[in-house]
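Observations on the three-dimensional arrangement
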Amino acid sequence: MREENTKLSRFLSMILRHHPEVIGIELDSHGWADIDRLIEGVNRSGKYIDRDLLEKIVAEDKKQRYSISPDKKCVRANQGHSVHVDVELSEERPPDILYHGTAEKYVDSIEKKGLLPRGRLYVHLSRDRETAISVGRRHGSPIVYRIDSQRMYLDGISFYRSENDVWLVKYVPFEYMIME
Ligand code: HQG
């Protein structure tokens, strides 16, 4: 994706996951934003977007962060929210092992408290180590934990999979984690 579209995509993530009020719009209870209002709001904020560009960003996003509604009127982020919306995640049996990337500076706290969602609604886990490393690197010197998701699941902890294949849980107790 072109650099300017990557910037616009980051802005859309911020709007659709955390702060829709910044451009004067609201999300419905399922996280959907009306596309016409979103376009007006983004353009009022001094950035430029139109429907073709929005559809291009949604289609080309590497992590498939967004979905357009079947009637094509709305768009939402598939995961990553801090605002309390229900994006109709599917509760599923996870792969036996999942990964979480974090930064070295958080290790002491994580070892005491386990993984907490902090600013988001869920703790984010990935299927592969490489994704976890790049997620961790966003915060500092990366550390990867292997999560015994099979044992968590068998112990009755619910796992949710987002449209774009990110695994989400409310909390990971430290007993299920091993540093790689
Ligand atoms: C850490 C990106 C101290 C946690 C990524 C993480 C992801 C603790 C940070 C998605 C802790 C929260 C989410 C504890 C957890 N003590 N630190 N007890 N428990 N933490 O950004 O997982 O590219 O909210 O390890 O790909 O980094 O934006 O979560 O380091 O899927 O689409 O607290 O965001 O997606 O940071 O990233 P974040 P995350 P996008």
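Residue indices begin from 1 for each chain and proceed along its sequence in written order. Whole-chain, interface and lining totals are the exception, using all residues; otherwise, since this is a predicted model, local features are given only for residues with pLDDT of at least 70 and side-chain atom pairs are given and counted only at 80 or more. The side-chain values count all of the structure's non-hydrogen atoms but skip hydrogen atoms and water molecules.

To continue, consider the domain arrangement of the protein. For the domains described, the bounds stem from an automatic or database domain assignment. Domain annotation of the protein identifies domain 1 (3–77) and domain 2 (98–179). Look at where the C-alpha atoms of domain 1 and domain 2 centre, and you get two points 27 Å apart.

Among the 18 residues in the neighbourhood of the ligand, the closest are listed as K63, R65, H100, S109 and H139. What qualifies as a polar contact is a pair of N or O atoms within 3.5 Å, subject to a donor-acceptor requirement within protein and to the restriction that residues adjacent in sequence count only when both atoms come from side chains. At 2.7 Å, a side-chain N or O of R65 approaches an oxygen atom of the ligand. Contact distances for the ligand include 2.6 Å between an oxygen atom and a side-chain N or O atom of H100. Contact with the protein chains removes 89% of the 790 Å² of surface that the ligand exposes when unbound. Listed by contribution, the elements that provide at least two residues to the shell around the ligand are β5 (98–103) and α4 (107–113). Counting from the N terminus, the helices are the DSSP runs of H or I reaching at least four residues and the strands are the DSSP runs of E reaching at least two. Considering each element in turn, the shell around the ligand owes the most residues, three residues, to α4. Grouping the amino acids of the shell around the ligand by side-chain chemistry returns five nonpolar, six polar and seven charged. Distances are taken per atom, and a residue is near a molecule or strand as soon as one of its heavy atoms is within 4 Å of it. Only the protein chains shown count as covering a residue, and every accessible area follows the Shrake-Rupley method with a 1.4 Å probe. Note that Gly is not counted as nonpolar here; it falls among the polar residues with everything else outside the nonpolar set of Ala, Val, Leu, Ile, Met, Phe, Trp, Tyr, Cys and Pro and the charged set of Asp, Glu, Lys and Arg.

Now for the nonpolar core. Counting residues in each nonpolar core, the largest one holds 28 residues, and the members touching the most others are L38 and V75. Of all the elements in the fold, those that place two or more residues in this core are α1 (3–18), α2 (35–44), α3 (51–60) and β3 (74–77). Ranked by the residues each element gives to this core, the list is headed by α1, at five residues. Residue contributions to this core reach at least three from each of two domains, namely domain 1 (3–77) and domain 2 (98–179). The residues contacting V75, other than those within four sequence positions of it, are L16, G31, W32, A33, I35, L38, L54, V58, Y66, S67 and I68. Definition of nonpolar core: a set of buried residues of the types Ala, Val, Leu, Ile, Met, Phe, Trp, Tyr and Cys, connected through side-chain atoms within 4.5 Å. Only protein chains enter the accessibility calculation, which uses a 1.4 Å probe; a residue whose area is less than 20% of its type maximum is buried, one above 50% is exposed, and one in between is partly exposed. By definition in these notes, contact holds between two residues if any of their heavy atoms fall within 4.5 Å.

Counted as salt bridges are all cases of a side-chain nitrogen of Lys or Arg within 4 Å of a carboxyl oxygen of Asp or Glu. Applying the stated criterion across every chain, the model contains eleven salt bridges. Ionic pairing is found between D61 and R65, a salt bridge with its closest N-O pair at 2.9 Å. With relative accessibility at 3%, the residue D61 sits in the buried group. Take R65: its relative accessible area is 21%, and that puts it in the partly exposed class. For E175, the salt bridge goes to R151, with nearest N and O atoms at 4.0 Å. With E175 in the loop between β9 (167–169) and β10 (177–179) and R151 in helix α6 (residues 149–154), this pair connects stretches of sequence that are 24 residues apart. A single network of salt bridges, built from pairs that share partners, joins E92, R127, R161 and D165.

What follows deals with the pairing of β5. Every regular strand shows the same layout, with side chains that alternate between the two sheet faces. Of all six residues in β5, six are buried, a share of seventy percent or more. Side chains L98, H100 and T102 of β5 all project onto a buried face; the interleaved residues Y99, G101 and A103 project onto the opposite face, where all are buried too.

Helices that pack against each other are described as a pair by the angle of their axes relative to one another and the distance between those axes. Here, axes are lines fitted to C-alpha atoms. For helices the fit covers the stretch in contact, and angles between N-to-C directions go from 0 to 180 degrees. Packing of α1 against α3 brings their axes to within 11 Å, and their N-to-C directions diverge by 85 degrees. Between α1 and α3, the interaxial angle falls into the category roughly perpendicular. Residues N5, L8, S9 and L12 of α1 form the contact with α3, whose own contacting residues are L53, L54, K56 and I57. By residue class, the composition of the contact of α1 with α3 is five nonpolar, two polar and one charged. Here is the rule for angles: anything less than 35 degrees is roughly parallel, anything more than 145 is roughly antiparallel, 65 through 115 is roughly perpendicular, and the remaining ranges are oblique.

Here we come to the environment of T6. Residue placement: T6 occurs in helix α1. The exposure class assigned to T6 is partly exposed, which follows from its relative accessible area of 26%. With 55 residues separating them along the chain, T6 and D61 place their C-alpha atoms 8.5 Å apart.

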